[in-house]
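Remarks on the overall topology
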Amino acid sequence: MPAVSKGDGMRGLAVFISDIRNCKSKEAEIKRINKELANIRSKFKGDKALDGYSKKKYVCKLLFIFLLGHDIDFGHMEAVNLLSSNKYTEKQIGYLFISVLVNSNSELIRLINNAIKNDLSSRNPTFMCLALHCIANVGSREMAEAFASEIPRILVAGDTMDSVKQSAALCLLRLYKTSPDLVLMGEWTSRVVHLLNDQHMGVVTAAISLITCLSQKNPDEFKTCVSLAVSRLSRIVSSASTDLQDYTYYFVPAPWLSCKLLRLLQCYPPPEDGAVKGRLVECLETILNKAQEPPKSKKVQHSNAKNAILFEAISLIIHYDSEPNLLVRACNQLGQFLQHRETNLRYLALESMCTLASSEFSHEAVKTHIETVINALKTERDVSVRQRAADLLYAMCDRSNAKQIVAEMLSYLETADYSIREEMVLKVAILAEKYAVDYSWYVDTILNLIRIAGDYVSEEVWYRVIQIVINRDDVQGYAAKTVFEALQAPACHENMVKVGGYILGEFGNLIAGDPRSSPLVQFNLLHSKFHLCSVPTRALLLSAYIKFINLFPETKTTIQEVLRCDSQIRNSDVELQQRAVEYLKLSSIASTDVLATVLEEMPPFPERESSILAKLKKKKGPGAVSVTELEDNKREGGELNGGADRGPDSAAMAAKNRPMSNFSTHCHSGKITNNR
Amino acid sequence: LKTMRFMLLFSRQGKLRLQKWYTATAERDKKKMVRDLMQIVLARKPKMCSFLEWRDLKIVYKRYASLYFCCAVEEQDNELITLEVIHRFVELLDKYFGSVCELDIIFNFEKAYFILDEFLMGGEIQDTSKKSVLKAIEQSDLLQEVSCIQY
């Protein structure tokens, strides 16, 4: 197609655009633009009043310049003047300008609102639509104040043309989203709902967007829409592809409307009325059936439209979570898509299955696909798809497959995108704790996390492993041994040093009998990492050292020598210096009894909600819905996990109760605090 | 509240040809978002899926000849139907310009906005009948230089 303006072609504009395209450099472009801006400025200020066509042309040029990315600080007045032209294209450009370059000057706003008011009351449908568009595009509070009461009237008036009704519905929707307090449906409610029965499909399509939004905020007031929506959906789904004529899209009847109807129904619980419910279930079954039929067209648009409806129907089935038959069928359909040629479908199937995984009716069905999902995690080329697979593994995890899933996620973590590592770490940590039967597996998993993705292991994660090791006698020896081995690695992550320092400080005695991990060996190992660590880690290590002096008197001299050197007691960091000085003094003047009391083994931590879960919820936002549901299901001790033990039982805790000194509280939470 | 947040059209060289924003956003934020997003989408390979997560939104995109059509929707939105929204828009442009190409959109940018506005309002589809939308657009063209009769 030739590159000239179509229709009323503003030649000057086309020439200007050509000039810009021909500029060889950014500087040349800016020069040309400034020249034009100066020209336009002088024309606007000039003595001669500009005719409509010229004004339109210059305003359009300004718009072009703005959209290129340059600032425009004039032209608003001229654009507003164009609004009162009775030439359509001039009005149109005026409206376009002010919609794009929104100005908060109150005088301009007043003039704009005036022009809109005139066009709205002009009874000329094209002008009315222009005005409604402008309101929808700008959607400012001032516009809402001026027009929110007028638009519902236009929407339901008998003599309003269909095209205007469509625009009015969506305009009202925009205003409702930005200024809900100014849009009072009250007397209009039933008539707006009734638009669902309109004969014009375009009106229904537009109205339903409005109704869906209103229903979300005021479900009771709009609940009559449910049976109307079901009827409408039923008629569409059972229609032949020739029935709906222009609303059929590549042999799929009214796909947008179908999706919107299904979306509207997700604002409500399943219909109470038996007949309505029956009709709806029939609809959903028909949609699921159609997915199995051979396609009517090879074009991707046909399958996209058809599958868009299918996925929305599955969303509704999941939302209801009350028809086991439908849930299982949905799961099977998604299972088929998991192996589809098209990447988009595999992606959507993985995503959709995530939500299915948390329903008790379909959880087991979802689990049967574990091998396919693991395969996706390993082999999909698109990181988006791999991430959906990881999410699904997390969602389908329970006692029966936790070890397998955690192993796969750890292995995935080794090569995962940096942007997703932190979330993966949190998820693995949560699963490992939730499903640990054998806590040595839990300890291994967390230490592996630190080894593989140390940078992304947040404080919540390593505090948690320490809390658990402190609280569980049965894993303390294993933890000490494992951490000792992990520290042997030449380049181990600082988080490993933190965990290792703390655990050896508390439980190093459990492995000190073996000559390979004798007290001095442990000390030297820790101290070899000392100079590589940040201040908080060094502070933690110093605390470990004083604990060693208590546990292993034979190390006293060596450790005191270390504490005594200048780099410790005259360290420029206040915390480190203080610790070194105080620990040195303590080790010299305290008797063994006093030392033993002060540096007694850390008492168990009180049972509390995992902060890791809170962190994940915060991170994921709406996507964490399935996680929360999952947690609730699991907490209720459903068949999924046979009543998980969330932590140490209180009997074990009582046995370990011993008096705490001030000193211990300082180290208690594992946090390095600067105040005592 | 499910909604389309914005739609962008840009070339392989990273030139923005159309930008429609459906929520109030500061100019400098728009510029940053456009830069970020263009970089991410242009780096995608052909066989990858048409959806990706970006910030708290979902991006649905498709390439037609030299132009990328890119929509940002909310997380819970229906991705496949959004792909077809893009396709319908391309069909409308195609019908209007007759085998549309990037140059048409460059030189008739204001027409591209008008067509988009006839089709989507506030990020929602107004009418899904191709005939109706085209008729509305053509009607506007007919009203060019002619003063309108007062109804």
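Scroll up to find the structure this text is about.
Throughout what follows, the structure given in this document is the object of discussion. Going along each chain's sequence as written, the residues are numbered from 1 onward. To label them, take the chains in the order written and letter them from A, then take the ligands in the order written and number them from 1. Owing to the predicted nature of the model, reporting of local features is limited to residues with pLDDT of at least 70; listing and counting of side-chain atom pairs is limited to 80 or more, with chain, interface and lining totals taken over all residues. Note that water and hydrogens are dropped before the side-chain values are worked out from all heavy atoms of the structure.

Looking at the overall build of chain A
To qualify as a helix, a DSSP run of H or I must reach at least 4 residues; to qualify as a strand, a run of E must reach at least 2; elements of each kind are numbered from the N terminus. Along its length, chain A carries 37 helices and 2 strands. Here the C-alpha atoms of chain A give a radius of gyration of 35 Å, more than 25% beyond the 26 Å that 2.2 N^0.38 yields for 676 residues. The principal-axis extents of the C-alpha atoms in chain A amount to approximately 100 × 70 × 50 Å. Working definition: with a 1.4 Å probe on protein chains only, accessible area under 20% of the residue-type maximum means buried, over 50% means exposed, and in between means partly exposed. Residue burial in chain A is summarised as follows: out of 676 residues, 57% are buried. Residues count as neighbours in contact if any of their non-hydrogen atoms are within 4.5 Å of one another. Sequence separation of 24 or more characterises 70% of the internal contacts of chain A that already satisfy a separation of 6 or more. With C-alpha atoms as the basis for the radius of gyration, the globule rule is written as 2.2 Å multiplied by the number of residues raised to the power 0.38.

Observations regarding the packing of aromatic side chains
Only the six-membered ring of Trp is used, alongside the rings of Phe and Tyr, when aromatic pairs are assigned; centres must lie within 6.5 Å, and planes under 30 degrees apart are stacked while those over 60 apart are edge-to-face, with the rest tilted. Applying the stated rule across the entire model yields 22 aromatic pairs over all chains. Taken together through their ring pairs, the aromatic side chains of Tyr64(B), Phe69(B), Phe89(B) and Phe119(B) make up a single cluster. We note Lys427(A) situated over the ring of Tyr394(A); from NZ or CZ to the ring centre the distance is 5.1 Å. Seen from the ring of Tyr502(A), Lys547(A) lies directly overhead, with NZ or CZ sitting 4.4 Å from the centre. Here, over-ring charges are defined by two tests on the NZ atom of lysine or the CZ atom of arginine: distance to the ring centre within 6 Å, and angle to the ring normal within 35 degrees.

Focus: the pairing of strand 4 (residues 57-64) of chain B
Within a regular strand, the side chains alternate between the two sheet faces. All names here are of chain B. Across the 8 residues of strand 4, 6 count as buried, placing the element largely inside the fold. When strand 3 (residues 51-54) meets strand 4, the two strands line up antiparallel, connected through 4 bridges. Considered in strand 4, the bridge of leucine 52 is made with isoleucine 59. A pair of strands counts as paired when DSSP detects no fewer than two bridges linking them. Between strand 3 and strand 4, which pair antiparallel one after the other, the connecting turn spans 2 residues, and arginine 55 there sits at a positive phi close to 50°. In the sheet, strand 4 pairs with strand 5 (residues 67-74) via 8 bridges, with the strands oriented antiparallel. Across the sheet, residue lysine 62 finds its bridge partner in strand 5, namely phenylalanine 69. Linking strand 4 to strand 5, which pair antiparallel, is a turn of 2 residues; within it alanine 65 sits at a positive phi near 50°.

A few points about the pattern of salt bridges
We define a salt bridge as a side-chain nitrogen of Lys or Arg found within 4 Å of a carboxyl oxygen belonging to Asp or Glu. Summed over the entire model, instances satisfying the criterion amount to 45 salt bridges over all chains. Here Arg44(B) and Asp382(A) are joined by a salt bridge, their closest N and O atoms 3.0 Å apart. Remark: Asp382(A) occurs in the loop between helix 20 (370-379) and helix 21 (383-396) and Arg44(B) occurs in the loop between helix 1 (27-42) and strand 3; the pair is interchain, linking two chains. On the basis of relative accessibility, which here comes to 2%, the residue Asp382(A) falls in the buried class. One network of salt bridges, in which partners are shared, links Arg388(A), Asp391(A), Glu423(A), Lys427(A) and Glu53(B).

Let's talk about helix 29 (residues 535-551) of chain A
Here the expected span of a helix is defined as 1.5 Å times the quantity of residues minus one. Compared with the 24 Å implied by 1.5 Å per residue over 17 residues, the 24 Å span of helix 29 of chain A between its first and last C-alpha is a close match. Taken across its 17 residues, helix 29 of chain A has 13 buried, putting it largely inside the fold.

A closer look at the interface of chain A and chain B
One widely used convention gives an interface's size as the accessible area the parts lose upon coming together. Listed as interface residues are 84 residues of chain A and, on the opposing side, 71 residues of chain B. Throughout, the accessible surface (probe 1.4 Å) given up by two parts as they are put together, summed over both, is called the buried area. In total, chain A and chain B occlude about 6700 Å² of area from one another, counting both sides; carbon and sulfur atoms represent 54% of this. Linking chain A to chain B there are 6 salt bridges. Across the salt bridge formed by Asp77(B) and Arg263(A), the nearest N and O atoms sit 3.8 Å from each other. For this analysis, a polar contact is any N or O atom pair within 3.5 Å, provided that within protein one partner can donate a hydrogen and the other can accept it, and provided that sequence-adjacent residues contribute only side-chain to side-chain pairs. Remark: the boundary between chain A and chain B carries 26 residue pairs in polar contact (both at pLDDT 80 or more).

Some words on the sheet that holds strand 4 of chain B
In a beta sheet, neighbouring strands are held together by backbone hydrogen bonds and run either parallel or antiparallel to one another. All names here are of chain B. With antiparallel pairing, the 5 strands of this open sheet are ordered in space as 2-1-5-4-3. Across the chains shown, the open sheet's two edge strands, defined by having one partner strand only, are strand 2 (16-21) and strand 3. On average, each strand axis in the sheet is tilted by 20° relative to the strand beside it, whichever way the strands run. The strands touched by helix 1 are strand 1 (4-11), strand 2, strand 3, strand 4 and strand 5; relative to strand 1, the strand with the most contacts, the crossing angle is about 60°. Orientation is described by axes fitted as lines to C-alpha atoms, over the contacting stretch for helices, and by angles from 0 to 180 degrees between their N-to-C directions.

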